[in-house]
Amino acid sequence: MHSISGVIYLILAACLLPYVFTLIAKKSAGFSAKDNQNPREFLAKSTGLSSRANAVQQNSFESLPLFIAAILMAEYMVVPQTLVMTFGIAYLVFRVLYGICYLANWATLRSIVWLLSILCPVALLLLIIKIV
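Residues numbered from 1 in each chain as written. Predicted model: local features only at pLDDT ≥ 70, side-chain atom pairs only at ≥ 80, totals over all residues. Heavy atoms only, no water.

Enquirer: I keep staring at the overall build of the protein and nothing clicks. Help me out?
Expert: When you go through the protein residue by residue, the secondary structure sums to 5 helices and 0 strands. The N-to-C order of helical and strand elements in the protein reads α-α-α-α-α. Viewed in the frame of its principal axes, the protein has a C-alpha envelope of about 50 × 30 × 20 Å. Out of the 132 residues in the protein, the part that is buried amounts to 38%. Put simply, of all contacts in the protein between residues at least 6 apart along the chain, 76% involve residues at least 24 apart. In the form shown here, the protein has an accessible surface area of approximately 7700 Å², with 70% of it arising from carbon and sulfur atoms. In the protein, 9 positive and 4 negative side-chain charges are present, and the distance between their average locations comes to 6 Å. (Helix = DSSP H or I, 4+ residues; strand = E, 2+ residues; numbered from the N terminus. Buried < 20%, exposed > 50% of the residue type's maximum accessible area, 1.4 Å probe, protein only. Contact = heavy atoms within 4.5 Å. Areas by Shrake-Rupley, 256 points an atom, 1.4 Å probe, with all protein chains shown as cover. Lys, Arg positive; Asp, Glu negative; His and termini not counted. Charge placed at Lys NZ, Arg CZ, Asp CG, Glu CD.)

Here's what the structure looks like:
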């Protein structure tokens, strides 16, 4: 029997992670209440660490649909729970490492870690294809 609570925590963590980088972007750029009139414009004009943190949060939101779809489909198709959790946790770890690499401006390592993060939901989808 599958435990859906672990999957819910994975999805919740993945959905909240971009906001961590949003906070870093705003804090490092000196975001204030007056900037809240148009925060996207403010962050689009940011540079350095703030700009990189903003890019991390945008990329994190972009990767969410693939991750959520893969996790939910894996649950629906009864992929073994250990595989779902392993790939789900690996995705989250790689996404955090991706963010750290981006903030540190380590471009090549960032790209490698990004690829590893995307391979996690892709691997789950390939497992589902194999089951079908």
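Enquirer: Would you take a moment to explain the packing of helix H3 (residues 48-76) against helix H4 (residues 81-104) for this structure?
Expert: When two helices pack together, you describe them by how their axes are tilted relative to each other and by the distance separating the axes. Close contact between H3 and H4 brings their axes to 9 Å; oriented N to C, the two are set at 170°. In terms of axis orientation, H3 runs roughly antiparallel to H4. Residue composition of the contact of H3 with H4, grouped by class: 13 nonpolar, 6 polar and 3 charged. (Axes fitted to C-alpha atoms, helices over the stretch in contact; angles between N-to-C directions. Parallel < 35°, antiparallel > 145°, perpendicular 65-115°, else oblique. Nonpolar A, V, L, I, M, F, W, Y, C, P; charged D, E, K, R; others polar.)

Enquirer: Which parts of the structure should I look at to understand the pattern of salt bridges?
Expert: Here the structure, examined in full by the defined rule, presents 1 salt bridge. The partner of Glu-41 in a salt bridge is Lys-45, with the nearest N and O atoms 2.9 Å apart. Residue Lys-45 is classed as exposed on the basis of its relative accessible area, which comes to 61%. (Salt bridge = Lys/Arg side-chain N within 4 Å of Asp/Glu carboxyl O.)

Enquirer: Is there a simple way to explain the layout of surface pockets in this structure?
Expert: The gaps of empty space that remain are located by a probe, the size of a water molecule, rolled over the atoms. Space inside the largest pocket adds up to approximately 250 Å³. Contributing to the lining of the largest pocket are Thr-22, Lys-26, Pro-39, Arg-40, Leu-43, Ala-44, Asn-54, Gln-57 and Gln-58. Those elements giving two or more residues to the lining of the largest pocket turn out to be helix H1 (4-29), helix H2 (39-44) and H3. A per-element tally of the lining of the largest pocket places H2 first, with 4 residues. Taken together, the residues of the lining of the largest pocket sort by class into 3 nonpolar, 4 polar and 2 charged. (1 Å grid on protein atoms, 1.4 Å probe; cavity = no way out; pocket = protein on both sides within 12 Å on 5 of 7 lines; lining within 4 Å. Points joined across faces, edges and corners; volume = space filled by probe spheres on them.)

Enquirer: What should I look at first to understand a nonpolar patch on the surface in this one?
Expert: A grouping of Ile-89, Val-93, Val-96, Leu-97, Ile-100, Trp-106, Leu-109, Ile-112, Trp-114, Leu-115, Leu-116 and Leu-119 is seen on the molecular surface, where their side chains present a nonpolar patch of about 1000 Å² in accessible area. Of all the elements in the fold, those that place two or more residues in the nonpolar patch are H4 and helix H5 (107-131). Sort the elements by how many residues they give to the nonpolar patch and H5 lands first, with 6 residues. Note that Leu-109 resides in helix H5. (Patch = residues over 30% accessible without salt bridge, like charges linked within 9 Å, V, L, I, M, F, W, Y side chains within 5 Å.)

Enquirer: Mind showing me how you'd approach the environment of Ile-112 here?
Expert: Here Ile-112 is to be found in helix H5. For the pair Ile-112 and Leu-124, spaced 12 residues apart in the sequence, the C-alpha separation amounts to 19 Å.

Enquirer: I would appreciate a short explanation of unusual backbone geometry in the present structure.
Expert: Glycine aside, the phi torsion of most residues is negative, and most peptide linkages are trans. Of note, the phi angle at Val-78 is positive, near 60°, even though the residue is not glycine. In this fold, Val-78 is placed in the loop between H3 and H4. On the basis of relative accessibility, which here comes to 55%, the residue Val-78 falls in the exposed class. The backbone phi angle of Asn-105 is positive, close to 65°, even though this residue is not glycine.

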